[in-house]
Amino acid sequence: MVRIPPGFVYIADRLPRLVNPLLLAYAGNRIWAIVFKKPSPRWLSVSVYLFSIPLAMSCTVLYTYLRDRREAARRGATLALRVKSRWHGSLDTIVSVARTFQNAHTGMHRMVAPFNQYCQEYGPVVNVRILFEDQILTTEPEHIKGCGFLCQTFFSTTDLGPVLFDQSNSSFGTGVFSSGASRIRFHRSMTRPFFSKDRISHFDIFEKHTEDALSQAKARLQEGYPVDFQDMVYRFTLDSATEFLFGKSVCSLSAGLVYPKNSVLGQSKEYTSHPANIFARALSVAQSHTTLRGRLGTFWRLAEFWSDRVAKEMEVFYKFIDPILRASLETKRSMREGEQSTGQVCNEERGILEDTLLGHLIDCTDGKADEIVNILIAGRDTTATTLTFLVYMLSQHPDVLKRLRTEVLSAVRSSRRPTYNEVREMKYMRAVINGAVVCLAYFSLCRTSIEAVTWPGVNGGPPIYIPPNTRIPYTVFLMHRRKDLWGPDAEMFDPDRFLDERSKYLTSNPFIFLPFNAGPRICLGREASDNFSTLKPMTFDWNLQFAYNEMSFFLVRLLQTFSSITLVEDMQTRSPAEWGEGMGCNSQEKVVIRHHLTLYVDEGLWVQMLEADDAGNM
């Protein structure tokens, strides 16, 4: 199918807005000629045509501002404070943010620094106005909870919005990541029955792929090379997710772990051309392009004027899953035909469909791939990201590693496979996972207000009016760093904050901890926070515990196999010297952190791990 270039679509969409003021200018000139019996002066005609478009825009902006201010006053509320700008259209704000993203050495903390500065100066709710369009950024838990994100009652007041859907449609289609309120409920009703307690508490899938990953890690270390833990764990989660989803793995671990780039084996073309690597690379590149679209807003089509870059990568992705999808559809068709002709269904064919999430989704969607893609991305990226940064934190905090390993060995010894109940009882492991997530969780969601809504005031201030059709982004990354919510050590990695008296912060306001989101749009993986925090602020269903089970099982096996983890600093991307100044995450980081849909370590997380002896000792 021939696709219309994105740039042409952008021009066609914007053309009426440019033409209408010119038509009005032309009509004004014609009226002048009729009324005064002569054409308007040339200088006047030229001026009217030249200034018609900026004048129309100015009138629209002024009218919108006065309308919103009047409506806010009628409700006894105020408008969100707007970031002050020196240039027309907030162009200086755009330049500041763009420079941050373009800097090759910019890490995650530097990327969000402008927005963190805005929140420090204007408060947790601020209008980051870009090209005359309001964007109400919030890091306030009460707003996130009660005004359209997490509260079922108010969820219908916001939606994804046309801009965000346009940006994400190439990668997510109509899946849960790019759906509105009603579609989200539909998607969750589809997947919830499959995520039963019996299914997600079976560790067989985890065991097979964990053993494969760790055995390759041991072999690589014995060769004298460090291991890119991030690459390894992304392969592990991809293989686990595809087996859980499709009934068979893409076997990305079969390609072998990556070698350092400065080694001879690291230059192997055979490795980069491996089908599993092509599959994983296409998925990652598509996510990076989708994230870039989010930064560009409505102008992303100009950056991809002639071709849709995301669609190009997703074509590679679909080449791998389409045959699996067609095979499952054929199995379903064969079952129906057999049932109609004989009145019986082949138990083997029924088992193939009933035992996989793919078979369950086919029954619900007739083979549409969008939901499959969404769940695959969620199953791979969020778990792999958490494990990557957790191991990074363990490499920087050997005392935490020692204490965690002691808990693991006391519960399951040095080689026994853990049971579901044993994992649930590891309280310090819960705290370590949550501590890593709090420190380095990246979840940024943007909604669009369907109707006008009034948010509660901040710190006793007046209510805040949110106009209709306003983009409302929020970032968990910044909320988890608010010292007024988490205490003076908010930026520090400290699992004990979930076990000691500092847990009062979370007890009094459980919505300050949102690593996987919550409420109607809660991530299929967040469920285990009920079991993996000593605090139980909410009750979740069993269908969302898969990710925590996977992380915990992998950690147990990792710590049974290795007794120490050391970061190979000379193989990491170097952070600028000024990052070492002051306190907090910037001064501690020895890696550069970037993000697409989730966070990742630039150029991988290279570690050395010391293999434990048979008794589990060093």
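Residues numbered from 1 in each chain as written. Predicted model: local features only at pLDDT ≥ 70, side-chain atom pairs only at ≥ 80, totals over all residues. Heavy atoms only, no water.

## A word on the overall build of the protein
The following threshold applies: Working definition: helices are DSSP H or I runs of at least four residues, strands are E runs of at least two. Numbering for both runs from the N terminus. Think of it in three bands: residues with accessible area under 20% of the maximum for their type are buried, residues over 50% are exposed, and the middle band is partly exposed, with areas taken using a 1.4 Å probe on protein chains only. Contacts were defined at the residue level, with two residues in contact if any of their heavy atoms lie within 4.5 Å. All accessible areas in this document rest on Shrake-Rupley with a 1.4 Å probe, and a residue is counted as covered only by the protein chains that are shown.
What the protein contains, in helices and strands, is 26 helices and 13 strands. Residues classed as buried in the protein amount to 54% of the 618 residues present. Looking at the protein alone, contacts between residues at least 24 apart form 72% of all its contacts between residues at least 6 apart. Total accessible area on the protein stands at roughly 28,600 Å², and carbon and sulfur atoms take up 56% of it.

## Thoughts on unusual backbone geometry
Positive phi is not limited to glycine here, since Lys-37 has a value of about 60°. Residue position: Lys-37 is located in the loop between helix H1 (6–36) and helix H2 (42–74). Take Lys-37: its relative accessible area is 73%, and that puts it in the exposed class. Look at Asn-469: it is not a glycine, yet its phi comes out positive at around 60°. Structurally, Asn-469 is set in the loop between strand E8 (464–466) and strand E9 (471–475).

## Focus on the nonpolar core
Note the following rule: Side-chain atoms within 4.5 Å are what join buried Ala, Val, Leu, Ile, Met, Phe, Trp, Tyr and Cys residues into a set we call a nonpolar core.
Core analysis: the biggest nonpolar cluster contains 70 residues, and Phe-229, Phe-554, Leu-558 and Leu-605 have the highest contact counts within it. If one sorts the elements of this core by residue count, helix H21 (residues 427–440) sits on top with 10 residues. Among residues more than four places away in sequence, those in contact with Leu-605 are Val-227, Asp-228, Phe-229, Gln-230, Thr-388, Val-391, Tyr-392, Leu-567, Gln-572 and Val-591. Counting 20 residues, the second-largest nonpolar core is a separate cluster that includes Ala-241, Leu-245, Phe-317 and Ile-324.

## Observations concerning the packing of helix H10 (residues 204–222) against helix H25 (residues 546–561)
Note the cut-off: Each axis is a line fitted through C-alpha atoms, and for a helix only the stretch in contact is used; angles between axes span 0 to 180 degrees, taken between their N-to-C directions. Note on angle classes: values under 35 degrees are labelled roughly parallel, values over 145 roughly antiparallel, values of 65 to 115 roughly perpendicular, and the remainder oblique. Rotating anticlockwise by less than a right angle from the far helix to the near helix defines a left-handed crossing, while the corresponding clockwise rotation defines a right-handed one. Throughout, the ten residues Ala, Val, Leu, Ile, Met, Phe, Trp, Tyr, Cys and Pro are labelled nonpolar, Asp, Glu, Lys and Arg are labelled charged, and all others, Gly among them, are labelled polar.
Running from amino to carboxyl end, H10 crosses H25 at an angle of 40°, the nearest separation of the two axes being 10 Å. The angle between the axes of H10 and H25 places the two elements in the oblique class. The chirality of how H10 crosses H25 is right-handed. Residues Phe-206, Glu-207, Thr-210, Ala-213, Leu-214 and Lys-218 of H10 form the contact with H25, whose own contacting residues are Phe-546, Asn-549, Glu-550, Phe-553, Phe-554, Arg-557, Leu-558 and Thr-561. A breakdown of the residues in the contact of H10 with H25 according to their chemical character gives 7 nonpolar, 3 polar and 4 charged.

## Thoughts on the packing of aromatic side chains
Within a pair of aromatic rings, the relevant descriptors are the distance that separates the centres and the angle that separates the planes. The following threshold applies: When two rings of Phe, Tyr or Trp (its six-membered ring) have centres within 6.5 Å they constitute a pair, described as stacked for plane angles under 30 degrees, edge-to-face for angles over 60, and tilted for the intermediate range. Charge-over-ring contacts are defined here by two conditions on Lys NZ or Arg CZ: a distance within 6 Å of the ring centre and an angle within 35 degrees of the ring normal.
One pass over the full model with this rule turns up 11 aromatic pairs. An aromatic cluster is built from Phe-8, Phe-305 and Trp-306, whose rings are joined through pairwise contacts. In this structure, Arg-220 packs its charged tip against the face of Tyr-259, placed 3.6 Å from the ring centre. Positioned above the aromatic ring of Phe-477 is the side chain of Arg-481, whose terminal nitrogen or guanidinium carbon lies 3.9 Å from the ring centre.

## Overview of the pairing of strand E13 (residues 606–611)
To be explicit about the condition: A pair of strands counts as paired when DSSP detects no fewer than two bridges linking them.
In this structure, strand E5 (residues 227–228) lies alongside E13, joined through 2 bridges in antiparallel fashion. Across the sheet, residue Asp-228 finds its bridge partner in E13, namely Trp-606.

## Digging into the environment of Ala-255
Following the sequence through the fold, Ala-255 ends up in the loop between helix H11 (229–246) and helix H12 (269–272). A relative accessible area of 18% means that Ala-255 is categorised as buried. In the structure, Ala-255 is positioned 19 residues away from His-274 in sequence and 6.4 Å away in space, judged by C-alpha atoms.

## Section: the sheet that holds strand E7 (residues 453–455)
Strand pairs in the sheet, formed through backbone hydrogen bonds, run parallel or antiparallel to each other. Taking strand neighbours across the sheet as the criterion, the 3 strands line up as E1-E8-E7 in an open arrangement whose pairing is mixed. The sheet terminates laterally at strand E1 (78–79) and E7, the two strands that pair on one side only. In this structure, E7 lies alongside E8, joined through 3 bridges in antiparallel fashion. Directly across from Thr-454, in E8, lies its bridge partner Tyr-465.

## Examining H2
We apply this condition: Here a helix's expected span is defined as the number of its residues, less one, multiplied by 1.5 Å. Axes are fitted to the seven residues ending at a residue and to the seven starting at it; the angle between these axes is taken as the bend at that residue.
A rise of 1.5 Å per residue sets the reference length of H2, with its 33 residues, at 48 Å; its end C-alpha atoms lie 46 Å apart and thus fit the reference within 8%. Along H2, the largest kink reaches about 50° and is centred on Ser-52; proline Pro-54 follows within four residues of it. Turning to H2, its buried residues number three or more, namely Ser-45, Ser-52, Asp-68 and Ala-72. Contact partners of the buried residues in H2: H1, E1 and E8. Residue Gly-76 follows H2 closely and has a positive phi angle near 70°.

## Some thoughts on the pattern of salt bridges
The condition is simple: Every case where a carboxyl oxygen of Asp or Glu lies within 4 Å of a side-chain nitrogen of Lys or Arg is listed as a salt bridge.
On inspection of all chains with the given rule, the structure shows 20 salt bridges. Of the charged contacts, one joins Glu-422 and Arg-416 as a salt bridge, the two residues approaching to 2.8 Å between their closest N and O atoms. Between Asp-494 and Arg-502 there is a salt bridge; the shortest N-O distance is 2.7 Å. Its relative accessible area of 23% is what places Asp-494 among the partly exposed residues. Judged by its relative accessible area of 16%, Arg-502 falls in the buried class. A single salt-bridge network, built from bridges that share partners, covers Asp-489, Asp-494, Arg-497, Asp-500 and Arg-502.

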